[in-house]
Protein chains: 2
Amino acid sequence: MEAAHTVFAAQGYVGGSLQDVADRVGMSQTSLLHYFPSKRELLLAVLNWRDSITGDGQTPPDPTETFSESILRQARFNEKIPGVIELYAVLCAESLTDDHPGRAYFCERFDTLRATYFADFTRLAEKGRLRPGVDPARAAASLIALWDGIQTQWLLDPEGIDMAACLRDYLSLIILEEPDENTVA
Amino acid sequence: MEAAHTVFAAQGYVGGSLQDVADRVGMSQTSLLHYFPSKRELLLAVLNWRDSITGDGQTPPDPTETFSESILRQARFNEKIPGVIELYAVLCAESLTDDHPGRAYFCERFDTLRATYFADFTRLAEKGRLRPGVDPARAAASLIALWDGIQTQWLLDPEGIDMAACLRDYLSLIILEEPDENTVA
DNA sequence: GTTAAAATCGAGTGCTCACTCGAACTTTGT
DNA sequence: ACAAAGTTCGAGTGAGCACTCGATTTTAAC
C-alpha cells in the first residue's frame, strides 16, 4: 500500500509499473496481483486508503479552532508529507486524460470538498463574518483551486513558495475578524 | 504539431504514443521520427509551439485595458480552447514526476509568470491601487495558483465552475478601484 | 538530365508492460 | 495427521512501446 503510494506519486499511474511496486515490497509481481486483481484496482485502493488514514477533515474536531486555523493547520501539516501532495497533484491531473480510473474519484472529491467549504462559508456569512460581496460557492471553489495550485508550485519550488502564507492571505481577505463586542461604535 | 498537441492533451506524455500522433497525421511513425528525433523532443517542440502561437501575454498590448481586464479577457478566451488548458494542466502535473522532460519548461514558466505578475502588482501598489497588506510576490503566486486550480476543476465540471467569475472575485479583492479624483473628501 | 538531399516507410529490435497459468509452499482448522 | 484454504512465484503471453536500419521514392539544384 505504502509502496504503491510512493510509486504512483513519483511516476504517476500510467508511468508506474506493478513491478516497481512489487520490488519495493520484496514481493513478486504475481503475488501483488493476487491481492489486487488489476492495476486499476490497486490505484483505487491506494486512493481510498489515503482518505481513510489521513481523513479529509481534522481528526479531532477541536471546537475552539476557527475555520481559518483549521485550514492553515492542515496546510502546514501537508508540508511535512510532500509525497501525499505529489500523489494528489499528479493523479488529479492525470485523471483528466481519457478513461482514467481515478476520474470518478477526483470528481467526487471536488464535489464533496466544495460542498463542505460552501457550508462553512455559509455559516460564516450568517454570522456576518464573510466579507460582503463574497459568494460562498465561488469562494469554496476558489479556496480549493488556490490550495491545489499553490501545492503544484510548491512541489516545483519548495524554497520559493510559502503555501500557508498564501492561504492565510486569501482567508484573511474574505473572512472578517471575530467581532469584538466592546467596539460597537 | 496539432496532432501531437491533441494526443498529449488527451493521454498525457507517458500515455500518448508516437503511433497515435503519426496516425492522426496520416504518416508513418518512422516519418514522424524523421522530423523529431525522439518523443522527448516532440514534447518540447509542442510546448514551445504553443507558447509561440498563443503568446503568454496579450498579443496586442492595449494600453487602455486594465490589468484585471486583461486577465479576465485571457481567462474567457481560454474557455473556448479547452484542449490547450488540458494540455497545460495534464503536462504540468506530469512534470512533477521523476525525470520528466517537461519539468524545466514548467519551472521556468512559473518563474516567468510570477515575475511578470509581481511587476504588475508592484506597479499597482505604487499607485496605491493594491489593498493594504497584500504582498505582491505572494499575490502573484496566488493568482497563478488560483487560475491553474480553477482550470482543473473546470475541466472536470465545465458546467458547474465559472472560471472568470472566480478570478474576478479574487482580483476585486486585492485590487482597489481606480481612485475617482472628485471623491477626495 | 544528373545528382544530391530530403522525405517516406516496411520491417524489424529489444524492451517493458499488465496480466495468466499451473504448480509449489505455507498456514490453519479440526 | 490431513485436507482445505491462502500465499507465493517462475515462466510465460501477447501487446505496445520508442527507436533503428536499409532502402525506395520524391523533390530540388544546377
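Residues numbered from 1 in each chain as written. Chains lettered and ligands numbered in written order. Predicted model: local features only at pLDDT ≥ 70, side-chain atom pairs only at ≥ 80, totals over all residues.

So, about the overall build of chain A. Within chain A, the secondary structure is distributed over 9 helices and 0 strands. When the helices and strands of chain A are placed in sequence order, the string is α-α-α-α-α-α-α-α-α. The buried share among the 185 residues of chain A stands at 35%. The long-range share in chain A, meaning contacts at least 24 apart out of those at least 6 apart in sequence, stands at 57%. (Helix = DSSP H or I, 4+ residues; strand = E, 2+ residues; numbered from the N terminus. Buried ≥ 20, exposed ≤ 12 C-beta atoms within 10 Å, placed from the backbone. Contact = placed C-beta atoms within 7 Å.)

In this section: the protein's contact with DNA strand D. Neighbouring DNA strand D are 14 residues, the closest being Ser28, Thr30 and Ser31 of chain A together with Ser17 and Lys39 of chain B. Here the surface near DNA strand D is built from residues that sort into 3 nonpolar, 9 polar and 2 charged. (Near = placed C-beta within 6 Å. Nonpolar A, V, L, I, M, F, W, Y, C, P; charged D, E, K, R; others polar.)

Before going further, it helps to examine the protein's contact with DNA strand C. Taken together, 14 residues surround DNA strand C, and among them Ser17 and Lys39 of chain A together with Thr30, Ser31 and His34 of chain B come closest. Elements that contribute at least two residues to the surface near DNA strand C include exactly helix H2 (18-25), helix H3 (29-35) and helix H4 (39-54) of chain A together with helix H3 (29-35) of chain B. Looking at the surface near DNA strand C residue by residue, the class counts come to 3 nonpolar, 9 polar and 2 charged.

In many analyses, interface size is given as the accessible surface area lost on bringing the parts together. Taken together, the contacts link 40 residues of chain B with 40 residues of chain A. Secondary structure elements with two or more residues in the side of chain B that touches chain A: helix H1 (2-15), helix H6 (82-94), helix H7 (103-126), helix H8 (136-156) and helix H9 (163-174) of chain B. It is H8 of chain B that contributes the most residues to the side of chain B that touches chain A, 13 residues altogether.

What follows concerns the relation of the copies chain B and chain A. If you rotate chain B by 180° and push it 0.0 Å along the axis, it lands on chain A with an RMSD of 0.0 Å. The relationship between the two copies is best expressed as a two-fold rotation axis. Within chain B, Leu146 of chain B has its C-alpha nearest the rotation axis, a separation of 2.0 Å. (Least-squares fit on C-alpha atoms with pLDDT ≥ 70 in both.)

As a further point, take the confidence of the model for chain A. Confidence along chain A averages 93 in pLDDT terms, with 92% of residues attaining 70 or more. The spread of mean pLDDT over the elements of chain A runs between H4 of chain A, the lowest at 93, and helix H8 (residues 136-156) of chain A, the highest at 98. (pLDDT = per-residue confidence, 0-100.)

Okay, the nonpolar core next. Of all hydrophobic cores here, the largest spans 90 residues; its most connected members are Leu146 of chain A together with Leu146 of chain B. Excluding residues within four positions of it along the chain, Leu146 of chain B makes contact with Ser142, Ala145, Leu146 and Gly149 of chain A together with Cys166, Leu167 and Tyr170 of chain B. (Core = buried A, V, L, I, M, F, W, Y, C linked by C-beta atoms within 7 Å.)

Attention now moves to H8 of chain A. In this model, H8 of chain A (21 residues) spans 30 Å end to end at C-alpha, consistent with the 30 Å of a helix rising 1.5 Å per residue. Summarising burial for H8 of chain A: 17 of the 21 residues are buried, a large majority. (Expected span 1.5 Å × (residues − 1).)

Quick look at the domain arrangement of chain A now. Residue and element names in this part refer to chain A. Assigned domains within chain A: domain 1 (1-55) and domain 2 (62-185). With centres defined by C-alpha atoms, the gap from domain 1 to domain 2 works out at 28 Å. Listed by contribution, the elements that provide at least two residues to the side of domain 1 that touches domain 2 are helix H1 (2-15) and H4. Per element, the largest residue contribution to the side of domain 1 that touches domain 2 is 7 residues, and it comes from H1. A breakdown of the residues in the side of domain 1 that touches domain 2 according to their chemical character gives 7 nonpolar, 3 polar and 2 charged. (Domains from an automatic or database assignment.)

Within the element layout of this structure, Glu79 of chain A appears in the loop between helix H5 (67-78) and helix H6 (82-94). For the pair Glu79 of chain A and Leu146 of chain A, spaced 67 residues apart in sequence, the C-alpha separation works out to 15 Å.

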